[in-house]
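A look at the structure
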Amino acid sequence: GAAADPAATAAGGATDVGVTESEIRIGIALLDVGIAREFGANFDLGDQKARWDALIAHQNAQGGIHGRQIVADYRTFDAGNPTETQQAACVGWTKDTKVFTVMVHTQLTQASAVCLIGEGGTPVFTTDGIDESYYGNGLYFSLQASDNRILADHAAYLIDKGVLEGKTIGVLAGEGAERLAIDSTLLPALASAGYEVKSVEVVPATTAGTQKLPIAVSNFKAAGVDFVIVAANVVLNGPFVQTAGRSGFNPEYSLSDFNNQINDQVSSYYPDSFDGTIGLSTHRFPEHREGMPTPPADQACYDRVADVDPKIVPVQNSAHEVGLGECAIFDAWVKAANAAGPGLTRASLIAGAEQSGTFGIAGTYDGSFGPGKHDAVDLEREVVWRKDCSCWRLVDPGQIRRIP
């Protein structure tokens, strides 16, 4: 944005787009996951707006951000029509209400990411990582690792474990932004270790995508694939594995937190053949299930929002993962905005975020922001899916791995 008037800044006045003397306007995405229900998953996200309202009211009661009150502009993303609804929200936020920052708990499409951080010049704080190219201009902050860090780590893990020896490898891929890191990071990492991927099957997370699942299965079968690395949209994992099982195709699978794939909501209906599948996860919900202590960042989230939406607490609820993610995004942004000082601009927000160092993240393990590092999470655990509970459990409760 244009340089702020120094006199206005000194008086705590308007400093940048979406910032007035008394208010900071932020854009917040609410998720409509109708399409996920078609895939058979239990996606009751609880009362998203009530949770966001509670977070904002709590912060405003503490004086907001250096005396400015936070005002939300809500817009809805439809999982079944992400391109159109995300684009409409972006135009609304950047052209109509002119917000200072956008907060999103989902994967952005390529077009909406470009619209927000490119043409719109608007900082985005989100849960989901994306291809590293989108972090280049400094406006994109994610609590999860970038797609490239996740997939490079996943490949290194599989290679180190030796589980790919003698396997015919297939990759189940998403499209668009989800596909970029597969081509630029996952496939080259495997190739450099001497592993050829026989088949990459691309399945979009749309109603049309469901029709492609049987085709992907038959292509994998035809290629002789017996080990599938899943790097697709979160709503496709269960349906794909079910479709494969019905066709008598039961390869070994391996998952990571790419697109938040590891959660209990989409895994409750994996078939028996999926039992024992190992994944890598940055999420703490398997810890909570084992009765491990509630981390301070999670407790601070419950303290603010559990009254307005009790669904956030039980780990088997979608509202648990999403609600903790909302707290995590909001808290990371508040930390950055407070560090930016009274003369709040987008440039000072970025500088503030880069001073964060290591911090606790609600719902997941600790992470860090710093100069040139805008994807926070740094730690993960091995998890295993068990048929007896239809859930993910910790493999070794004592072991935490660092994500390079």
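Residues numbered from 1 in each chain as written. Predicted model: local features only at pLDDT ≥ 70, side-chain atom pairs only at ≥ 80, totals over all residues. Heavy atoms only, no water.

Side note on the state of the cysteines
Within this structure, the stated rule accounts for three disulfides. Two residues, Cys301 and Cys327, share a disulfide whose sulfurs are 2.0 Å apart. An S-S torsion of about 70 degrees defines the bridge between Cys301 and Cys327 as right-handed. Residue Cys301 is located in helix α12 (residues 296-305), and its partner Cys327 is located in helix α13 (residues 318-340); the two are separated by 26 residues in the primary sequence. Both residues of the pair, Cys301 and Cys327, count as buried. Cysteines bonded in the chain are numbered consecutively along the chain; their disulfide partners then correspond to 1-2, 3-4, 5-6. (Disulfide = S-S within 2.5 Å. Helix = DSSP H or I, 4+ residues; strand = E, 2+ residues; numbered from the N terminus. Buried < 20%, exposed > 50% of the residue type's maximum accessible area, 1.4 Å probe, protein only.)

Looking at the pattern of salt bridges
What the rule picks out here adds up to 20 salt bridges. Of the charged contacts in the structure, one is a salt bridge between Arg401 and Asp153, with a shortest N-O distance of 3.6 Å. Here Arg401 is found in strand β15 (residues 401-402), whereas its partner Asp153 is found in helix α6 (residues 147-161), with 248 residues between them in sequence. Note on Arg401: relative accessible area 19%, which makes it buried. Taking relative accessible area as the criterion, Asp153 reaches 5% and is therefore assigned buried. (Salt bridge = Lys/Arg side-chain N within 4 Å of Asp/Glu carboxyl O.)

A word on the nonpolar core
Counting 98 residues, the largest nonpolar core has Phe125, Phe240 and Trp333 as the members making the most contacts within it. Tallying contributions element by element places α13 first for this core, with 12 residues. Counting residues in hydrophobic clusters, the runner-up holds 23 residues, among them Leu158, Ile229, Leu280 and Ile403. (Core = buried A, V, L, I, M, F, W, Y, C linked by side-chain atoms within 4.5 Å.)

Side note on the sheet that holds strand β5 (residues 140-142)
Pairing is parallel in the open sheet, where five strands are placed in the order β2-β1-β3-β4-β5. The outermost strands of the open sheet, each flanked by one partner alone, are β2 (69-78) and β5. When strand polarity is set aside, the average angle formed by the axes of neighbouring strands in this sheet is 20 degrees. Summarising the sheet, strand β4 (residues 124-126) and β5 pair through three bridges and their orientation is parallel. Bridge assignment links Phe125 to a residue of β5, and that residue is Phe141. Seen against the sheet, helix α3 (residues 48-61) touches β1 (23-32), β2 and β3 (101-104) and runs at an angle of roughly 165 degrees to β2. (Pairing = 2+ DSSP bridges. Axes fitted to C-alpha atoms, helices over the stretch in contact; angles between N-to-C directions. Contact = heavy atoms within 4.5 Å.)

Some thoughts on the pairing of strand β14 (residues 391-394)
Look at any regular strand and the pattern is simple: side chains alternate between the two faces of the sheet. Taken together, the four bridges between strand β13 (residues 379-386) and β14 define a ladder with antiparallel strand orientation. Its bridge partner lying in β14, Val383 is registered against Leu394. Once β13 ends, the chain turns through four residues before running back antiparallel as β14, passing Ser390 with a positive phi of about 50 degrees.

Side note on the layout of surface pockets
Its boundaries defined by the atoms lining it, the largest pocket holds a volume of some 750 Å³. Along the wall of the largest pocket there are 39 residues; nearest its centre are Thr106, Gln107, Glu178, Asn233 and Asn259. Put simply, the parts of the chain that give the lining of the largest pocket at least two residues each are β1, α2 (34-38), β2, α4 (82-96), α5 (110-119), α7 (177-192) and α13. Classifying every residue of the lining of the largest pocket gives 18 nonpolar, 15 polar and six charged. Along the walls of the second largest pocket sit 15 residues, with Glu252, Tyr253, Gly276, Thr277 and Ile278 positioned nearest its centre. Of all the secondary structure elements, the ones that give two or more residues to the lining of the second largest pocket are α6 and β9 (252-255). Grouping the amino acids of the lining of the second largest pocket by side-chain chemistry returns eight nonpolar, four polar and three charged. (1 Å grid on protein atoms, 1.4 Å probe; cavity = no way out; pocket = protein on both sides within 12 Å on 5 of 7 lines; lining within 4 Å. Points joined across faces, edges and corners; volume = space filled by probe spheres on them. Nonpolar A, V, L, I, M, F, W, Y, C, P; charged D, E, K, R; others polar.)

Digging into the packing of aromatic side chains
By the definition in use, this model includes 15 aromatic pairs. Centroid distance Tyr253 to Phe274: 5.4 Å. Interplanar angle 45 degrees. Geometry classified as tilted. Of the two residues, Tyr253 sits in strand β9 while Phe274 sits in the loop between α10 (264-267) and β10 (278-281), which places them 21 residues apart along the sequence. Ring plane angle 90 degrees and centroid distance 6.2 Å describe the contact between Phe274 and Trp392, whose orientation is recorded as edge-to-face. In this pair, Phe274 is assigned in the loop between α10 and β10 and Trp392 in strand β14, connecting sequence segments 118 residues apart. A relative accessible area of 0% places Trp392 in the buried class. (Phe/Tyr/Trp six-rings, centres within 6.5 Å; stacked < 30°, edge-to-face > 60°.)

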